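Topology and contacts: notes
The primary structure of each chain is shown beneath.
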Amino acid sequence: MLIPFIAALTLVVAQAPATTSSAKPLTVLLAPTDVARGTPRYLIGTAQEHVAEQLKARGLEVVRVEDVTRTLPKKKRAAMMRCNRTQPSCIASLGTAAKTDVVMVTEVVPYLNAYKAGVRVYTAQDGAPLVEHSVPEVKKDQVMEALTQSLDVVVPRTLRVLRPEPVAPPPTVVVQQPTVTPGDKQPVTPGVSPGVEPPTRVDLGLSDAPKVETPGRRKWAWVPAAGGVVLAGVGTVFLVQSRGEFTDLDKNEFPTLAEADAARDSGKRSQTIGVVGIGVGAAAVVTGALLYFLPTQQASVQPSVTLTPQGGGLSVAGTWQ
């Protein structure tokens, strides 16, 4: 009982999700611009408060510059407040004093007949510019909306650089071993190791594929049909030739009796060949047609040709089912 309990407890612990510590929120030192001439003081203060609330709503930790400089000596505090906040050395001194990740400078400065509102972000360690965005030509009542638009741009970019999302590790696959009790025989499938699934048999279905059979009789039916057409054509030629010779005999076109007798014999011979050719050709055509169109269980078919001095005849005899 103790060994299975320990194995089950180990499996539960392995499957439990590991607790990941949340990333430390990004700290921002919020400083106003050092170019404030022409901008009302209350507008600068309102802009600073608006940006601070927006940053907190986005999950960032805000440190105001006055909270940092209040603890400094008067001389150092005055020098820090008067430094040019576009210089890397000034930004680095502010970031070192505040111990934040970035320094964000809020800008609300005159621009033509309106204001330009936006924010600039620098890295606190070396004062290098990271990202900035501003909206020009906004009226006084549009300054806060322009600052919100700028924050929508710079905050996601800053987080992607300084707080990239961690890559989730691949899931751990835990294989539970079967519990074997000493003294019990485990069923074993022949040819399969215990704890291993037998392979699945895949039937491709090739044995069930339909088989196409070509009847041999139909395949050769065109041979007698083609031969019959040729024989019928030759017989027609001889028959026409015999008709021409008989016509010449009727018109007495021959000067001597011997030539007339030769023409008569040639006509009879041509007539016989023509009748035989047409008869045999017709029989061959009929045979090819019967071979093609009759059912496969046909027993026998026998065409016959009958020739007479006056003409000929064609007959077909056979049995089929």
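The numbering scheme is per chain: residues are counted from 1 as the chain's sequence reads. Where totals are concerned, whole chains, interfaces and linings use all residues; where local detail is concerned, this predicted model gives features only for residues with pLDDT of at least 70, and gives and counts side-chain atom pairs only at 80 or more. The basis for every side-chain value is the complete set of heavy atoms in the structure, and neither hydrogens nor water enter the calculation.

Working definition: helices are DSSP H or I runs of at least four residues, strands are E runs of at least two. Numbering for both runs from the N terminus. Scanning the chain from terminus to terminus reveals 9 helices and 7 strands. Buried residues are those whose accessible area, probed at 1.4 Å on protein chains only, stays under 20% of the maximum for their type, while exposed residues exceed 50% and partly exposed ones sit between those limits. The burial tally for the chain puts 27% of its 321 residues in the buried class. For the chain, contacts bridging at least 24 residues in sequence account for 62% of all contacts bridging at least 6. Per element, the accessible surface of the chain, about 22400 Å² overall, is 59% carbon and sulfur. The criterion used for residue contact is that any of the two residues' heavy atoms lie within 4.5 Å. Exposure was quantified through the Shrake-Rupley algorithm and a 1.4 Å probe, taking into account, for residues, occlusion by the shown protein chains and nothing else.

On to the side chain of T39, then. One can find T39 in the loop between strand 1 (27–32) and helix 2 (41–57). Between N or O atoms, a polar contact is any pair within 3.5 Å; within protein, one atom must be a potential hydrogen donor and the other a potential acceptor, and residues adjacent in sequence are included only when both atoms are from side chains. Looking at T39, its side chain comes within polar contact range of the main-chain oxygen of V108, at 2.9 Å. Not counting the four nearest positions on each side in its chain, T39 is found in contact with I44, V108, V109, P110 and Y115.

Side chains of a nonpolar character, in soluble globular proteins, are inclined to be buried together. Here, nonpolar core refers to any group of buried Ala, Val, Leu, Ile, Met, Phe, Trp, Tyr and Cys residues whose side-chain atoms link them within 4.5 Å. Core analysis: the largest hydrophobic core is formed by 26 residues, its most contacted members being L55, M104, V143, L151 and V154. In this structure M104 touches V28, L29, L30, A31, V51, L55, V119, R120, V121, L151 and V154, once residues within four positions along its chain are discounted. Of all hydrophobic cores here, the second largest spans 15 residues; its members include L29, L72, C83 and L94.

Before going further, it helps to spend a moment on unusual backbone geometry. Even without glycine at this site, K99 takes up a positive phi of about 55°. You can see K99 is positioned in the loop between helix 5 (88–98) and strand 3 (102–111). On the basis of relative accessible area, K99 is assigned to the exposed category, the value being 74%. Despite not being glycine, L112 shows a phi value in the positive range, around 55°.

A separate point is the pattern of salt bridges. By definition, a salt bridge exists where a carboxyl oxygen of Asp or Glu is found within 4 Å of a side-chain nitrogen of Lys or Arg. Enumeration according to the criterion identifies 5 salt bridges in this entry. For the salt bridge of D152 with R58, the shortest nitrogen-to-oxygen distance reads 2.2 Å. With D152 in helix 6 (residues 143–162) and R58 in the loop between helix 2 and strand 2 (61–64), this residue pair connects regions lying 94 residues apart in the sequence. The exposure class assigned to D152 is partly exposed, which follows from its relative accessible area of 44%.

Turning our attention to helix 2. Two residues of an α-helix separated by three or four positions point the same way, owing to the 3.6 residues in each turn. Taking 1.5 Å of rise per residue, the 17 residues of helix 2 would be expected to cover 24 Å, and the 25 Å separating its terminal C-alpha atoms lies within 8% of that figure. Taken as a whole, helix 2 has its buried residues at L43, I44, A47, Q48, V51, A52 and L55. Along its buried surface, helix 2 packs onto strand 1, strand 2, strand 3, strand 4 (114–123) and helix 6. Expected span of a helix, by definition, is 1.5 Å for each gap between consecutive residues, and there is one gap fewer than residues.

At least two bridges found by DSSP between two strands are what make those strands a pair. Spatial ordering of the open sheet is given by 2-1-3-4-5, a layout of 5 strands whose pairing is mixed. Each edge of the sheet is formed by a strand with only one pairing partner; in this case those strands are strand 2 and strand 5 (129–138). Shown here is a sheet whose adjacent strand axes are inclined to one another by a mean of 20°, direction ignored. Looking at chain direction, strand 3 and strand 4 are connected through 10 bridges and run antiparallel. What sits directly across from M104, in strand 4, is V121. Comment: axis = line fitted to C-alpha atoms, over the contacting stretch for helices; angle = value between 0 and 180 degrees taken between N-to-C directions. Together, strand 3, strand 4 and strand 5 form the strand contacts of helix 6, whose direction differs from that of strand 5 by roughly 165°.

The next point concerns the state of the cysteines. Two cysteine sulfurs form what is called a disulfide whenever their separation falls within 2.5 Å. Under the criterion given, the structure shown has 1 disulfide. Residue pairing for C83: its cysteine sulfur links by disulfide to C90, the two sulfurs lying 1.7 Å apart. The class of C83 is buried, set by a relative accessible area of 16%. Accessibility expressed as a relative area gives 4% for C90, which makes it buried.

Every second residue of strand 2 is oriented toward a common face, the buried set being V62 and R64 and the non-buried set E61 and V63. Note that strand 1 and strand 2 share 4 bridges and pair parallel. The partner of T27 across the bridge, within strand 2, is E61. When the strands point away from the viewer and the path from the first strand over the helix to the second turns clockwise, the crossover is right-handed. Considered for its hand, the β-α-β crossover made up of strand 1, helix 2 and strand 2 is right-handed.

This part takes up the confidence of the model for the chain. Residues of the chain with pLDDT of at least 70 account for 68%, and the chain-wide mean is 74. Summary of the metric used: pLDDT quantifies the predictor's per-residue confidence within the range 0 to 100. Low pLDDT, under 50, characterises residues 1–21; the stretch is placed with 4 contacts to residues that sit more than four places away or in other chains.

A few words now on the packing of helix 2 against helix 6. One can describe the packing of helix 2 onto helix 6 by two numbers: an axis separation of 10 Å at closest approach and a directional angle of 40°. Here helix 2 is positioned oblique relative to helix 6, judged by the angle of their axes. The two elements helix 2 and helix 6 meet at a crossing, and its hand is right-handed. Contact residues: L43, T46, A47, H50, V51, Q54 and L55 in helix 2; V143, M144, L147, T148, L151 and V155 in helix 6. Along the lines of polarity and charge, the residues of the contact of helix 2 with helix 6 split into 9 nonpolar, 4 polar and no charged. Any angle that is under 35 degrees is reported as roughly parallel, and any over 145 degrees as roughly antiparallel; angles of 65 to 115 degrees are reported as roughly perpendicular and all others as oblique. The crossing is said to be left-handed when, going from far helix to near helix, the turn is anticlockwise and less than a right angle, and right-handed when the turn is clockwise. Polar here means any residue outside two lists: the nonpolar Ala, Val, Leu, Ile, Met, Phe, Trp, Tyr, Cys and Pro, and the charged Asp, Glu, Lys and Arg; Gly therefore counts as polar.

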